[in-house]
Number of protein chains: 2
Amino acid sequence: MNNPGSDALLQQVADSFAATPDPRLREILASLVRHLHGFIRETGLTEREWMQGIEFLTAVGQTCDDKRQEFILLSDVLGASMQVVAVQSERPAGCTESTVFGPFHVEGASRIANGGDIANGARGEPCTVFGSVRNSDGDPVADAEVDVWQSDDDGLYDVQRPGLPAAQGRGVLRTDAQGRFWFTSVVPVPYPIPTDGPVGRLLDASRRSAWRPAHLHVRIVAPGHDTLITHVFRAGDPHLESDPVFGVRPSLVSSWPGSAEGRRELRFDFVLHRHEAP
Amino acid sequence: MNNPGSDALLQQVADSFAATPDPRLREILASLVRHLHGFIRETGLTEREWMQGIEFLTAVGQTCDDKRQEFILLSDVLGASMQVVAVQSERPAGCTESTVFGPFHVEGASRIANGGDIANGARGEPCTVFGSVRNSDGDPVADAEVDVWQSDDDGLYDVQRPGLPAAQGRGVLRTDAQGRFWFTSVVPVPYPIPTDGPVGRLLDASRRSAWRPAHLHVRIVAPGHDTLITHVFRAGDPHLESDPVFGVRPSLVSSWPGSAEGRRELRFDFVLHRHEAP
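Quick caveat: nothing in here was measured; it's all calculated off a predicted structure.

Caption draft 1: Region of the structure containing the overall build of chain A. For chain A, the helix and strand inventory stands at six helices and ten strands. Dimensions along the principal axes, computed over C-alpha positions, put chain A at roughly 70 × 50 × 35 Å. Taken across its 278 residues, chain A has 40% of its residues classed as buried. Partitioning the intrachain contacts of chain A with sequence separation of at least 6 by distance along the chain shows that 70% fall at a separation of at least 24.

Caption draft 2: Structural context of the relation of the copies chain A and chain B. For the pair chain A and chain B, the superposition axis carries a translation of 0.0 Å, the fit reaches an RMSD of 0.1 Å, and the rotation angle comes to 180°. Interpreted geometrically, this transformation is the action of a two-fold axis. Judged by C-alpha distance, Gly61(A) is the residue of chain A that lies nearest the rotation axis, at 2.0 Å. Counting the interface residues of chain A, we find that 100% of their copies in chain B are interface residues as well, pointing to one common contact surface.

Caption draft 3: Highlighting the pairing of strand E8 (residues 228-234) of chain B. All names here are of chain B. The buried fraction of E8 amounts to seven of the seven residues, a majority that puts the element mostly inside the structure. Residues Leu228, Thr230, Val232 and Arg234 line one face of E8 and the alternating positions Ile229, His231 and Phe233 line the opposite face, and both faces are buried. Both strand E7 (residues 215-221) and E8 contribute to a ladder of six bridges, which runs antiparallel. Counted as the bridge partner of His217 is His231 from E8. Two successive antiparallel strands, E7 and E8, enclose a turn made up of six residues, where Gly224 displays a positive phi of approximately 85°. Inspection of the sheet shows E8 paired to strand E9 (residues 253-254) by two bridges, in the parallel sense. Residue pairing across strands places Phe233 opposite Val253, the latter belonging to E9.

Caption draft 4: Structural view of the sheet that holds strand E4 (residues 180-186) of chain B. All names here are of chain B. Sheet architecture is open: three strands sit in the order E4-E1-E10, paired in mixed fashion. Looking at which strands have only one partner, the edges of the open sheet turn out to be E4 and strand E10 (264-272). Between one strand axis and the next, the sheet turns through 20° on average, direction left out of account. In terms of strand pairing, strand E1 (residues 126-135) meets E10 through nine bridges, oriented parallel. Along E10, the bridge assignment pairs Phe130 with Arg267.

Caption draft 5: A look at the interface of chain A and chain B. Facing the 57 residues of chain A at the interface are 57 residues of chain B. Among the elements of the structure, helix H1 (7-16), helix H2 (23-43), helix H3 (47-63), helix H4 (70-77) and helix H5 (80-88) of chain A are those that each provide at least two residues to the side of chain A that touches chain B. Among the elements that line the side of chain A that touches chain B, the one with the most residues is H2(A), at 16 residues. In terms of residue class, the side of chain A that touches chain B is made up of 29 nonpolar, 21 polar and seven charged.

Caption draft 6: Summary view of H1(A). Residue and element names in this part refer to chain A. Of all the residues in H1, the buried ones are Leu10, Val13 and Ser16. Projected down its long axis, H1 shows its buried positions confined to an angular sector of 125°, all on one face. The outward face of H1, more than 90 degrees from its buried face, is lined by the exposed residues Asp7, Ala8 and Asp15. The secondary structure elements touched by the buried residues of H1 are H2.

Caption draft 7: Seen up close, the domain arrangement of chain A. Residue and element names in this part refer to chain A. With domains assigned, chain A is organised as domain 1 (7-77) and domain 2 (91-272). Just the C-alpha atoms count here: the centres of domain 1 and domain 2 sit 33 Å apart. The interface is formed by eleven residues belonging to domain 1 together with eleven residues belonging to domain 2. Only H3 and H4 provide two or more residues apiece to the side of domain 1 that touches domain 2. The dominant element in the side of domain 1 that touches domain 2, judged by the number of residues it contributes, is H4, at six residues. Counted by class, the side of domain 1 that touches domain 2 contains seven nonpolar, two polar and two charged residues.

Caption draft 8: Up close: the sheet that holds strand E10 (residues 264-272) of chain A. Residue and element names in this part refer to chain A. On the basis of which strands lie adjacent, the open sheet formed by three strands has the order E4-E1-E10 and mixed pairing. Two strands lie at the open edges of the sheet, namely strand E4 (180-186) and E10, each paired on one side alone. Strand-to-strand twist in this sheet, taken as the mean axis angle between neighbours without regard to direction, amounts to 20°.

Caption draft 9: The arrangement of helix H4 (residues 70-77) of chain B in detail. In terms of burial, H4(B) is largely enclosed, as eight of its eight residues are buried. Within the sequence span of H4(B), burial applies to Glu70(B), Phe71(B), Ile72(B), Leu73(B), Leu74(B), Ser75(B), Asp76(B) and Val77(B). Buried residues along H4(B) sit in contact with H3 of chain A together with helix H3 (47-63), helix H5 (80-88) and helix H6 (198-205) of chain B. Looking one or two places after H4(B), you find Gly79(B), whose phi comes out positive at around 75°.

Caption draft 10: Quick peek at unusual backbone geometry. Of note in the backbone geometry, Phe246(A) takes a positive phi value of approximately 60° without being a glycine. Position of Phe246(A) among the secondary structure elements: in the loop between strand E8 (228-234) and strand E9 (253-254). Of note in this structure, Asp143(B) is not a glycine but carries a positive phi near 65°. Positionally, Asp143(B) belongs in the loop between E1 and strand E2 (145-149). Overall, the presence of 12 C-beta atoms within 10 Å leaves Asp143(B) in the exposed class.

Caption draft 11: Looking closely at the environment of Leu252(B). Among the secondary structure elements, Leu252(B) is positioned in the loop between E8 and E9. Considered as a pair, Leu252(B) and Thr230(B) are 22 residues apart in the sequence and their alpha carbons are 8.1 Å apart.

Caption draft 12: Broad picture of the confidence of the model for chain A. With 97% of its residues at a pLDDT of at least 70, chain A reaches an overall mean of 93. The ipTM assigned to the predicted complex is 0.89, against a pTM of 0.89.

Caption draft 13: Here's a closer look at the packing of H4(A) against helix H6 (residues 198-205) of chain A. Residue and element names in this part refer to chain A. The N-to-C vectors of H4 and H6 enclose an angle of 25°; their axes lie 9 Å apart at closest approach. Between H4 and H6, the interaxial angle falls into the category roughly parallel. Residues Glu70, Leu73, Leu74 and Val77 of H4 touch H6, and the partners they reach there are Pro198, Val199, Leu202 and Leu203. The residue makeup of the contact of H4 with H6, split by class, is seven nonpolar, no polar and one charged.

Cut-offs applied
- Residues numbered from 1 in each chain as written.
- Chains lettered and ligands numbered in written order.
- Predicted model: local features only at pLDDT ≥ 70, side-chain atom pairs only at ≥ 80, totals over all residues.
- Helix = DSSP H or I, 4+ residues; strand = E, 2+ residues; numbered from the N terminus.
- Buried ≥ 20, exposed ≤ 12 C-beta atoms within 10 Å, placed from the backbone.
- Contact = placed C-beta atoms within 7 Å.
- Least-squares fit on C-alpha atoms with pLDDT ≥ 70 in both.
- Pairing = 2+ DSSP bridges.
- Axes fitted to C-alpha atoms, helices over the stretch in contact; angles between N-to-C directions.
- Nonpolar A, V, L, I, M, F, W, Y, C, P; charged D, E, K, R; others polar.
- Arc of directions from axis to C-beta.
- Domains from an automatic or database assignment.
- pLDDT = per-residue confidence, 0-100.
- Parallel < 35°, antiparallel > 145°, perpendicular 65-115°, else oblique.

Take a look at the structure:
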């Protein structure tokens, strides 16, 4: 370490938080202080660089409004969001892997019967999705709630199109007795995360791509099982290796091949982690 | 580490910044990513805690305006601002120690002749300050620019009192041929940092004091020497041990004793680090 800084100061700061009544907050603050000071000492951060950091974080906060969350975006492009997913999802092999939730989910979307259309006017190449849900013992999970959402052919979610008369590209299904669900929609396409704010400047300064590979969002909730939040990515997408939010896991990549009738179809099997009996 | 998280993910994030053209930005981002992921993995941060963190940082950004910088305040109460000072001010023993700059300095304050009054109407107990400036070789530093600023008897700086006709409690002096400067003012008093924002909530949740011990700010600029940014604290102040911004160094504590005429006086000798001859 070229810039030793002050051990005594670090200890003093750590001590100042030692009387925090909530033990979990105390634990989090202790770790935060150690890493924050470690970062400053390791880099020998200058006053000018510190001020640039202050100005950057301020701009991130001020870019947030009721439609946009630039701090989540910053967390995403630093891989922090995905690391939170990773530390929380230690599941047995064979279970479907989790990935980031993303900012475009809407709670309470319309219920769609199996076979129904979630596109609801969203433009794109038509497709059918056939899913199955089973648990880590191999048993089908009936009556699971399957929430799906996706962008349209322009790479936009319905919430990014003000004034739409109804939701598009989202819906909530329920698995049948054999754990199956199916619906029609459009094929998702790649899209860039917002680049007109400070996070866009960070990606630009580090020559990183803003393009997320095409994906379908899926959340599956079933009593007695861990909730699964994941994506299905599209095989062959040129952005799979450079997802700006680090959400891709090879096990989540699938294809939407054309069927005999020429219509594209996705087939994907989801495996939930069943809770141990109490 | 109870929650291993993902080494592969950390590596992937680190790699994503490897092509950053600016080598210093690349170095800073590499350290930031390692510490940010270390913090998440070490604490096993949950999705809910992560969201609380996002909301806290967003509120900090949105509390900033042209008169208030809540991110600097956050940096201050986490000891980060003082650690930046510490890593940048490795000076030979005998030189006056630095401390935080704080948010209340005004560039271009009025020039005051030695013996003049910087209070300019600010209320408080009258005092006289006698300072000397010498360098690490013991030689007096003539013609150094000495910028001083302080709160009034209510613990407020002039910039916190909208509508004042002129600056109060600040001024720029110049050392004489013997390296001396002197002025009249009022005795500084303790004051709380702003507690009505998210940083105040953090101090409250960790049962920390918001009160800064009484101090006089001093910045000394002299050609051929390192600029010194420091405070002189008041001995006996009950808040010396719990300064919320960690600015106190024992060598900076002095007293403002009463003189024979009953008027309080501060005497303080400042020692600058002289640059090596090129």
